[in-house]
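For reference, the chains in residue letters:
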Amino acid sequence: MPMRSLSPNRLIPILVNGMKYSEIDIILLKGDVEEDEAVPDSEQDIKPRFHKSRTVTLPHEAERPDGSEDAEDDDDDDALSDWNLRKCSAAALDVLANVFREELLPHLLPLLKGLLFHPEWVVKESGILVLGAIAEGCMQGMVPYLPELIPHLIQCLADKKALVRSIACWTLSRYAHWVVSQPPDMHLKPLMTELLKRILDGNKRVQEAACR
């Protein structure tokens, strides 16, 4: 019996759900530790790293700075696997966005709005990741929504959760070319003001994300 293929409206909720942090992820990432700038860097944190590009690169999860590593690098002591369910789901959504482009949005936007403005930080964080993952493929279709979404993302740079602040930095970088195309006072100045604050953040992961 041939295996039934998944249509976008069935596949997208599965991928989106896979992009949310699990409880064990948060424990391994020390997601409840908001300030760690006073903790000395380990040798692993400051050693040279060499990278290969991948489709979607995320800014945290105890990984290499661009979310990738050399295939021959046998240093796998990170708290989380470099390719976990979350990253695979984000990469798959990025590929779908680049294939289907704006055709993907009717299936995704109803989910996305509920995620981005959700009161639970873990859900909101996954929504920000979804928004970043589709940036390249669905940019044209997202443009009408960006005047509302960019200010929301800038607000998320000041969220009380470090993992939300960090992913907001990454997602905003994916839409930076649209931001700089607008009048400077509209989005660019507020964004730069918040990013400079995040460079001085009490959390090292956020500092790193803000500098990228």
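The coordinates are above.
Draft legend 1. Spotlight on the packing of aromatic side chains. Within the structure shown, the criterion is met by 0 aromatic pairs. Here the basic side chain of Arg86 rests over the ring of Tyr21, its NZ or CZ set 3.9 Å away from the ring centre.

Draft legend 2. Geometry of the environment of Lys20. Structurally, Lys20 is set in the loop between helix 1 (8–18) and helix 2 (23–29). For Lys20, a relative accessible area of 36% translates into the label partly exposed. The spatial distance from the C-alpha of Lys20 to the C-alpha of Val123 is 6.4 Å, given a sequence separation of 103 residues.

Draft legend 3. Structural detail: the pattern of salt bridges. Evaluated as defined, the whole model comprises 9 salt bridges. Across the salt bridge formed by Asp159 and Lys124, the nearest N and O atoms sit 2.7 Å from each other. Highlighted residues: Asp159 in the loop between helix 8 (146–156) and helix 9 (162–174) and Lys124 in helix 6 (residues 121–133), separated in sequence by 35 residues. For the pair shown, Asp159 and Lys124 are each scored as buried. Here Asp185 and Lys189 are joined by a salt bridge, their closest N and O atoms 2.9 Å apart. On the accessibility criterion, Asp185 (58% relative accessible area) is exposed. A single salt-bridge network, built from bridges that share partners, covers Arg165, Glu194, Lys197, Arg198 and Asp201.

Draft legend 4. Expanded view of the nonpolar core. If you look at the biggest cluster of nonpolar residues, it comprises 51 residues, and the most contacted ones within it are Leu93, Val130, Leu131, Ile134, Met142, Ile150 and Tyr175. The dominant element in this core, judged by the number of residues it contributes, is helix 6, at 8 residues. Ignoring any residue separated from it by four or fewer positions in sequence, one finds Val130 in contact with Val16, Met19, Leu93, Leu108, Leu112 and Leu115.

Draft legend 5. How the structure looks around unusual backbone geometry. One non-glycine residue, Arg101, lies in the positive phi region at around 50 degrees. In this structure, Arg101 sits in the loop between helix 4 (85–100) and helix 5 (105–116).

Draft legend 6. Up close: the environment of Val130. Here Val130 is to be found in helix 6. Residue classification places Val130 among the buried residues on the basis of a relative accessible area of 0%. Sequence separation between Val130 and Leu15 is 115 residues; the distance between their C-alpha atoms is 9.3 Å.

Draft legend 7. Inspection of helix 11 (residues 188–199) at higher detail. Helix length check: helix 11, at 12 residues, gives a terminal C-alpha distance of 16 Å against a target of 16 Å (1.5 Å per residue), a fit within 8%. Taken together, the buried residues of helix 11 touch helix 8, helix 9, helix 10 (176–179) and helix 12 (204–211).

Draft legend 8. Representation of the environment of Ser173 in the model. Within the secondary structure, Ser173 is located in helix 9. The spatial distance from the C-alpha of Ser173 to the C-alpha of Ala135 is 9.8 Å, given a sequence separation of 38 residues.

Draft legend 9. A look at the packing of helix 9 against helix 12. Taken N-terminus to C-terminus, the directions of helix 9 and helix 12 make an angle of 10 degrees; their axes are 8 Å apart at the nearest point. On the basis of the axis angle, helix 9 is roughly parallel to helix 12. Between helix 9, through Ala162, Leu163, Arg165, Ser166 and Cys169, and helix 12, the contact on the second element is made entirely by Arg205, Val206, Ala209 and Ala210.

What counts as what
Residues numbered from 1 in each chain as written. Predicted model: local features only at pLDDT ≥ 70, side-chain atom pairs only at ≥ 80, totals over all residues. Heavy atoms only, no water. Phe/Tyr/Trp six-rings, centres within 6.5 Å; stacked < 30°, edge-to-face > 60°. Lys NZ or Arg CZ within 6 Å of the ring centre and 35° of its normal. Helix = DSSP H or I, 4+ residues; strand = E, 2+ residues; numbered from the N terminus. Buried < 20%, exposed > 50% of the residue type's maximum accessible area, 1.4 Å probe, protein only. Salt bridge = Lys/Arg side-chain N within 4 Å of Asp/Glu carboxyl O. Core = buried A, V, L, I, M, F, W, Y, C linked by side-chain atoms within 4.5 Å. Contact = heavy atoms within 4.5 Å. Expected span 1.5 Å × (residues − 1). Axes fitted to C-alpha atoms, helices over the stretch in contact; angles between N-to-C directions. Parallel < 35°, antiparallel > 145°, perpendicular 65-115°, else oblique.

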